[in-house]
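Architecture at a glance
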Amino acid sequence: SQQGEEDPQALSIQEGENATMNCSYKTSINNLQWYRQNSGRGLVHLILIRSNEREKHSGRLRVTLDTSKKSSSLLITASRAADTASYFCATDGVYGNKLVFGAGTILRVKS
Amino acid sequence: EPEVTQTPSHQVTQMGQEVILRCVPISNHLYFYWYRQILGQKVEFLVSFYNNEISEKSEIFDDQFSVERPDGSNFTLKIRSTKLEDSAMYFCASRSGTAGNTIYFGEGSWLTVV
């Protein structure tokens, strides 16, 4: 299985702090995507990083990818209460076209 | 920004009844997906659809499930005879081209089987 697995499972921080979530996967990938899910809502795409990329930025988000360690991290800087959500990494294999999701990290940002 | 739309947002059905969940993928997209998420669990792949046929399906997608693209815009998931364990959020998703493109998800359809 190419599953991505996130850690920590849950993270609670104060507003203004940075939040770092990690994801590991097992097989070679084509790309890795991060999604956010507010409680009971849909999956919002945050960022896609390709297997030949090492780092990518989007606003307050920074994603890194280390294919030698089969891991990725999502950093949210200067967190806000509105960042409270579950965050999932998802990978697609070299030949596949579907995404395989990890279990997610529940982030709570306290104001 | 274009989006994937799903209906209904929530459906309650009796065990054994047939359910059809509907999706309108983003208009120029070619790959379509259904995923499900049982409450508190991870998002699980059900099926992918390309060129009017199933390209891949998971073990979850048994004979009780079917998908259809009846016209140029809709993409449906049918569950023939629902079970209690089918209660979940079902997400439709679409992608424009080959592997490596972003997959966009809809808001989901909550299915509650009683």
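As a reminder, the structure under discussion sits directly above these lines.
All of the points below concern the structure found in this document.

All right, on to the pattern of salt bridges then. Residues and elements named next belong to chain A. Going through the model one piece at a time under the given rule, you end up with 7 salt bridges over all chains. A salt bridge links glutamate 55 to arginine 62, with the nearest nitrogen and oxygen atoms 3.1 Å apart. The exposure class assigned to arginine 62 is partly exposed, which follows from its relative accessible area of 29%.

Residue and element names in this part refer to chain B. An order of S1-S3-S8-S7 is seen for the 4 strands of this open sheet, with the pairing classed as antiparallel. Across the chains shown, the open sheet's two edge strands, defined by having one partner strand only, are strand S1 (5-7) and strand S7 (65-68). Across the sheet, the axes of successive neighbouring strands diverge by a mean angle of 20°, strand direction being ignored. When strand S3 (residues 19-24) meets strand S8 (residues 75-79), the two strands line up antiparallel, connected through 5 bridges. Bridged to isoleucine 20 within S8 is lysine 78.

Residue and element names in this part refer to chain B. Within strand S4 (residues 31-37), 7 of the 7 residues are buried, leaving the element largely enclosed by the surrounding structure. Burial of S4 is two-sided: the residues Tyr31, Tyr33, Tyr35 and Gln37 facing one way and the residues Phe32, Trp34 and Arg36 facing the other way are all buried. The pairing of S4 with strand S5 (residues 43-50) spans 7 bridges and is classified as antiparallel. Bridge pairing in S5 places tyrosine 33 opposite serine 48. Between S4 and S5, which pair antiparallel and follow one another directly, the connecting turn spans 5 residues, one of which, glycine 40, has a positive phi of 80°.

On to the state of the cysteines. Under the defined criterion, the tally for this structure stands at 2 disulfides over all chains. Here cysteine 23 of chain A is linked by a disulfide to cysteine 89 of chain A, with a sulfur-sulfur distance of 2.0 Å. What sets the handedness of the cysteine 23 of chain A and cysteine 89 of chain A disulfide is the S-S torsion sign, and at about 65° it is right-handed. Of this pair, cysteine 23 of chain A sits in strand S3 (residues 19-24) while cysteine 89 of chain A sits in strand S9 (residues 85-93), placing them 66 residues apart in sequence. Judged by relative accessible area, cysteine 23 of chain A falls into the buried class, the value being 2%. Each sulfur of the disulfide joining cysteine 23 of chain B and cysteine 92 of chain B lies 1.9 Å from the other. Measuring handedness by torsion sign, the sulfur bridge of cysteine 23 of chain B and cysteine 92 of chain B sits at about -65° and is left-handed. Taken together, the residues span a long stretch of sequence, with cysteine 23 of chain B in strand S3 and cysteine 92 of chain B in strand S9 (residues 88-95) at a distance of 69 residues.

Reading the values: the criteria
- Residues numbered from 1 in each chain as written.
- Chains lettered and ligands numbered in written order.
- Predicted model: local features only at pLDDT ≥ 70, side-chain atom pairs only at ≥ 80, totals over all residues.
- Heavy atoms only, no water.
- Salt bridge = Lys/Arg side-chain N within 4 Å of Asp/Glu carboxyl O.
- Buried < 20%, exposed > 50% of the residue type's maximum accessible area, 1.4 Å probe, protein only.
- Pairing = 2+ DSSP bridges.
- Helix = DSSP H or I, 4+ residues; strand = E, 2+ residues; numbered from the N terminus.
- Axes fitted to C-alpha atoms, helices over the stretch in contact; angles between N-to-C directions.
- Disulfide = S-S within 2.5 Å.

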